[in-house]
Amino acid sequence: MAADEPLVLGIETSCDETGVGIVRGTTLLADAVASSVDTHARFGGVVPEIASRAHLEAMVPTIERALKEAGVSARDLDGIAVTSGPGLAGALLVGVSAAKAYAYALGKPLYGVNHLASHICVDQLEHGPLPEPTVALLVSGGHSSLLLAPDITSDVRPLGATIDDAAGEAFDKIARVLDLGFPGGPVIDRLAREGDPRAIAFPRGLTGPRDAPYDFSFSGLKTSVARWIEAKRAAGEEVPVRDVAASFQEAVVDVLTRKAVRACRDEGVDHLMIGGGVAANSRLRALAEERCERAGIRLRVPRPKLCTDNGAMVAALGAEMVARNRLPSDLELSADSSLPVTEPHVPGAAHSHSHSHDHDHVHEISKDNLYS
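Note that the structure is predicted; figures quoted are calculated from it, not measured.

### Points about the overall build of the chain
No. 1: Check the secondary structure of the chain and you find 13 helices and eleven strands.
No. 2: The C-alpha radius of gyration of the chain comes to 21 Å, within 12% of the 21 Å expected for a compact globule of 372 residues.
No. 3: Summarising its shape, the C-alpha atoms of the chain cover approximately 65 × 45 × 40 Å along the three principal directions.
No. 4: Counting the 372 residues in the chain, one finds 52% classified as buried.
No. 5: Here the chain displays about 15800 Å² of accessible surface, and carbon together with sulfur accounts for 50% of that area.

Structure, rendered in structure tokens:
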């Protein structure tokens with residue numbers, strides 16, 4: 001860890017975790033998280049308004065905890081990075097507002113970064129610099145994406161994505177049908193270890209010869225599992241929860257890993273990075289390892305704590321932006337709930353707007369317009 005490497009604080013508030021991370025280059029110094037997941041559990045899912053209020057209450061204490069853990073002063077920072085999208089609009093707004101306030105007060109450059117690109121970049125904190133290009137499989141409650149990243153700070157290309165439910169969302173819904181509570185991923189993973197993944201032949205979505213090779217669909221699988229459970233209950237039979245969990249999980253991870261390995265082969269890339277909350281799933285990790293080994297592909301998966309939403313991943317991408325002299329964002333930066341993955345970060349107004357947007361960016365409004 002060199003003293004001249006960029007020291008960056010990252011803020012992540014895209015959903016229900018208030019994450020604040022501090023990194024120096026590719027070294028993690030602090031990873032503070034305040035989660036509101038228990039508050040949402042009684043509603044069976046994330047309530048945006050509650051998430052926003054929780055971020056507001058947790059923000060300053062979590063930043064102070066991260067600075068203390070890292071043993072640095074806010075004045076020492078070389079930049080402040082924040083998730084500006086995609087995510088829940090209100091939740092993002094809290095993080096972006098806090099980042100702007102700190103950047104302005106400290107006179108530090110601000111970097112509005114992409115949540116998905118951050119999930120890829122966090123692996124640098126565990127396994128060192130990312131090879132370029134990288135193929136990344138990102139799986140979480142909100143996203144299931146296959147991406148090609150020739151340059152994590154400026155060039156991320158979508159290969160495929162979910163056309164309906166994300167993988168994590170399917171886990172939550174099946175857990176609800178089985179009365180296992182929220183979030184569903186960890187409990188299904190735990191029960192599946194005691195079940196038979198071959199007990200029930202659940203469908204593998206979008207795996208036919210005419211289907212999009214890298215897109216995902218879990219809606220049909222979710223319906224199929226729910227109907228199977230309903231039929232058992234209607235017949236007065238006991239539902240074999242562990243076998244259902246194992247068979248459902250196998251159907252999800254089979255498709256995810258099969259398509260990811262195919263993308264690596266087709267793109268001529270000999271390594272695969274897996275990130276996002278569902279990357280903490282033990283069966284996904286094991287099957288990916290097995291298939292990558294057979295295909296001669298090196299697998300990179302961060303430790304589970306870095307797979308779920310956290311501030312460290314935002315700081316990691318921010319540090320990369322500073323190291324590569326990417327243009328900082330303006331203080332007019334806004335939250336953008338539908339920020340496309342093709343925009344790893346939101347540069348300031350000095351950036352030429354040669355690339356077209358298919359949605360309006362509030363951050364392109366100038367101060368003059370706001371206060372005239």
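### Notes on the sheet that holds strand S2 (residues 17-24)
No. 1: What the six strands build is an open sheet, ordered S3-S2-S1-S4-S5-S11; its pairing is mixed. The open sheet terminates on both sides in strands that have one partner only, identified here as strand S3 (27-35) and strand S11 (345-346).
No. 2: Set on the sheet, helix H2 (residues 48-70) makes contact with strand S1 (7-12), S2 and S3; between it and S3 the angle comes to about 155°.

### Remarks on the sheet that holds strand S10 (residues 298-300)
No. 1: Strand order in this open sheet of five strands is S8-S7-S6-S9-S10, and the pairing throughout is mixed. Taken across any chain shown, the strands that pair with only one partner, and hence form the sheet edges, are strand S8 (155-161) and S10. Neighbour to neighbour, the strand axes of the sheet diverge by 25° on average, direction disregarded.
No. 2: Sheet topology note: the strand S9 (residues 271-275)/S10 ladder contains three bridges and is parallel. The partner of methionine 273 across the bridge, within S10, is arginine 300.
No. 3: Of the strands in this sheet, strand S6 (134-139), strand S7 (144-151), S8 and S9 touch helix H9 (residues 241-267), which is tilted by about 165° from S6.

### Overview of the layout of surface pockets
No. 1: Roughly 1100 Å³ of internal volume is contained in the largest pocket.
No. 2: Lining the largest pocket are 39 residues; nearest its centre among them are Ser140, Gly141, Asp172, Pro183 and Gly277.
No. 3: Going through the elements one at a time, helix H4 (115-121), helix H6 (167-177), helix H7 (184-192) and helix H11 (304-307) are the ones with two or more residues in the lining of the largest pocket.
No. 4: Per-element tally for the lining of the largest pocket: the top contributor is H6, with six residues.
No. 5: For the lining of the largest pocket, a count of residues per class yields 13 nonpolar, 17 polar and nine charged.

### Comments concerning the packing of aromatic side chains
No. 1: The full count for this structure, using the stated rule, is three aromatic pairs.
No. 2: Aromatic side chains phenylalanine 202 and tryptophan 228 sit 6.3 Å apart centroid to centroid with 85° between the ring planes, which places their arrangement in the edge-to-face category. Placement of the pair is phenylalanine 202 in the loop between H7 and helix H8 (219-234) and tryptophan 228 in helix H8, with a sequence separation of 26 residues.
No. 3: Overall, tryptophan 228 belongs to the partly exposed group, its relative accessible area being 26%.
No. 4: Arranged with centres 6.2 Å apart and planes meeting at 10°, the rings of phenylalanine 216 and phenylalanine 218 form a pair that is stacked. Taken as a pair, phenylalanine 216 and phenylalanine 218 share a single burial class, namely buried.
No. 5: Between lysine 259 and the ring centre of phenylalanine 216, over which it is positioned, the NZ or CZ distance is 5.9 Å.

Procedures and definitions
Residues numbered from 1 in each chain as written. Predicted model: local features only at pLDDT ≥ 70, side-chain atom pairs only at ≥ 80, totals over all residues. Heavy atoms only, no water. Helix = DSSP H or I, 4+ residues; strand = E, 2+ residues; numbered from the N terminus. Rg over C-alpha atoms; globule rule 2.2 N^0.38 Å. Buried < 20%, exposed > 50% of the residue type's maximum accessible area, 1.4 Å probe, protein only. Areas by Shrake-Rupley, 256 points an atom, 1.4 Å probe, with all protein chains shown as cover. Pairing = 2+ DSSP bridges. Contact = heavy atoms within 4.5 Å. Axes fitted to C-alpha atoms, helices over the stretch in contact; angles between N-to-C directions. 1 Å grid on protein atoms, 1.4 Å probe; cavity = no way out; pocket = protein on both sides within 12 Å on 5 of 7 lines; lining within 4 Å. Points joined across faces, edges and corners; volume = space filled by probe spheres on them. Nonpolar A, V, L, I, M, F, W, Y, C, P; charged D, E, K, R; others polar. Phe/Tyr/Trp six-rings, centres within 6.5 Å; stacked < 30°, edge-to-face > 60°. Lys NZ or Arg CZ within 6 Å of the ring centre and 35° of its normal.

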